[in-house]
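Overview (structure and organization)
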Amino acid sequence: MSGPVLVCALRGIDAFAALAAVLKGWTQGRASLSTGDTLPQAVMALTPEVTFRQAILFFTEADLVTGKACFYCFEHTPPTHPNLCFSSSVGESWRCRAESLFSYLQAGAQVLCTVLLVKPGVWSHSLPRILRHLHLEKFSVVGMKHIDLEAATACSLLPSELKQDPAAAEAHLAYLTSGTALVLCLQRPNAVKKLMDLLGPEDPKLAQALDPCLWRAQYGTSTVQNGFYGSRSYPVAVWDMKLFFPEGLCCAQCQTVQEEEV
């Protein structure tokens, strides 16, 4: 080649699609540049298998150890949700481990847990159908309970941007505490993202426009009564599991959950 190249090993959620979108943007931007301007020329691996084969050509095992991946663990049930500020009074401990990306690529998708809350008035009429949906999507139910949400718990489930609108927050809280909800802890590979993809947007009308098969499109009637709450990320799922299932789960805990000391 005419000059040196930069080889990068990248990691992220939907990494292939995200990187392809970036490269497409570069290609489109190249057309608007003047003659003297340049953008990087880039190629990418298209599958995990190709990624692995190419990675071992350029990197060693030591190169692909990410250092210390630290997990924030609590000795007691935390009084706040991840959407809120951490309390400095909570007992805390740190435990770290080194992670090999080679091992990660070879191991495949991790089995994770996430939390689904079926809101009042939905599960009592549609539970068999909801459980059927979960079975078809290869979720295992490893925890289930009925719960009458207290205002503080319901508030912890609201996204931070919603709390900026007092009227909207009050409407959500009134609905969440109006009756009994059903909380499920679900397990499968890539559980958190898969559940979010199935639920769809918070607004059932937008979900209906995107895909009538989305769960909020089927069961929701408004942005308040939209059928479901789901953990938005894995750290949030860990908090939700500890919040709703402090007694533990009915399955052998997966390695990741053990590391988080749920």
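Here, the structure is the one placed above.
Report on the accompanying structure. The shown structure was predicted, so the numbers you read here are calculated from the model rather than taken from an experiment.

1. Here's the deal with the packing of aromatic side chains
Taken as a whole and assessed by the stated rule, the structure comprises two aromatic pairs. Where Trp-215 meets Phe-228, the ring centres are 5.9 Å apart and the plane angle is 50°; that geometry is what we call tilted. Here Phe-228 lies in strand 6 (residues 228-230) and Trp-215 lies in helix 10 (residues 215-219), a separation of 13 residues in the sequence. Pair check on accessibility: Trp-215 and Phe-228 agree, each one buried. Relative to Phe-228, the ring of Tyr-219 lies with its centre 5.5 Å away and its plane at 90°, an arrangement referred to as edge-to-face. Judged by relative accessible area, which is 11%, Tyr-219 ranks as buried. Phe-228 gets classed as buried once you look at its relative accessible area, which sits at 1%. Each residue in the set Trp-215, Tyr-219 and Phe-228 is aromatic and connected to the rest through ring pairs, giving one cluster. Over the ring of Phe-139 we find Arg-188; its NZ or CZ atom is 5.5 Å from the centre of that ring.

2. Some points on unusual backbone geometry
Unlike most non-glycine residues, Lys-138 shows phi in positive territory, near 65°. Checked against the element boundaries, Lys-138 lands in the loop between helix 4 (123-136) and strand 4 (140-148). Positive phi, normally seen in glycine, also occurs at Asn-190, with a value near 55°. Mapping Asn-190 onto the fold places it in the loop between strand 5 (180-189) and helix 8 (191-199).

3. Structural notes on the pattern of salt bridges
Following the criterion strictly, the structure yields five salt bridges and no others. Across the pair Glu-202 and Arg-216 runs a salt bridge whose closest N-O atoms are separated by 3.8 Å. Placement of the pair is Glu-202 in the loop between helix 8 and helix 9 (204-210) and Arg-216 in helix 10, with a sequence separation of 14 residues. Residue Arg-216 is classed as buried on the basis of its relative accessible area of 3%. Of the charged contacts, one joins Arg-232 and Glu-202 as a salt bridge, the two residues approaching to 3.9 Å between their closest N and O atoms. You can see Arg-232 sitting in the loop between strand 6 and helix 11 (234-244) and its partner Glu-202 sitting in the loop between helix 8 and helix 9, a full 30 residues away along the chain. Among the ionic contacts, a cluster of salt bridges with common partners joins Glu-202, Arg-216 and Arg-232.

4. Some points on helix 11
The buried count for helix 11 comes to nine of 11 residues, which makes it a mostly enclosed element. Turning to helix 11, its buried residues number three or more, namely Tyr-234, Val-236, Ala-237, Val-238, Trp-239, Asp-240, Met-241, Lys-242 and Phe-244.

5. Points about the sheet that holds strand 5
Spatially, the four strands line up as an open sheet ordered 4-5-3-6, and their pairing is antiparallel. Where the open sheet ends on each side, the last strands, each with one partner, are strand 4 and strand 6. Between one strand axis and the next, the sheet turns by 20° as a mean value, whatever way the strands run. The strands that helix 8 touches are strand 3 (111-118), strand 5 and strand 6; relative to strand 3, the one it contacts most, it runs at about 35°. Of the strands in this sheet, strand 3, strand 4, strand 5 and strand 6 are in contact with helix 11, which crosses strand 3 at around 65°.

Definitions and limits used
Just so you know, the residues in each chain are numbered from 1, in the order the chain's sequence is written. Residue-level local features of this predicted model are given only where pLDDT is at least 70; pairs of side-chain atoms are given and counted only at 80 or more, and the full residue set underlies all totals for whole chains, interfaces and linings. Working from all heavy atoms in the structure, the side-chain values ignore hydrogens and water. Pairing of aromatic rings covers Phe, Tyr and Trp, the last counted by its six-membered ring, and requires centre-to-centre distances within 6.5 Å; plane angles under 30 degrees mean stacked, over 60 mean edge-to-face, and any other angle means tilted. In this text, helices come from DSSP runs of H or I with a minimum length of four residues, and strands from runs of E with a minimum of two, each type numbered from the N-terminal end. Buried means the residue's accessible area, taken with a 1.4 Å probe over protein chains only, is under 20% of the maximum for its type, while exposed means over 50%, and partly exposed covers the values in between. Look at NZ for Lys and CZ for Arg. If either is within 6 Å of the ring centre and within 35 degrees of the ring normal, a charge sits over the ring. In the sections that follow, a salt bridge refers to a side-chain nitrogen of Lys or Arg positioned within 4 Å of a carboxyl oxygen of Asp or Glu. Pairing between strands requires that DSSP locate at least two bridges from one strand to the other. Comment: axis = line fitted to C-alpha atoms, over the contacting stretch for helices; angle = value between 0 and 180 degrees taken between N-to-C directions. Residues count as neighbours in contact if any of their non-hydrogen atoms are within 4.5 Å of one another.

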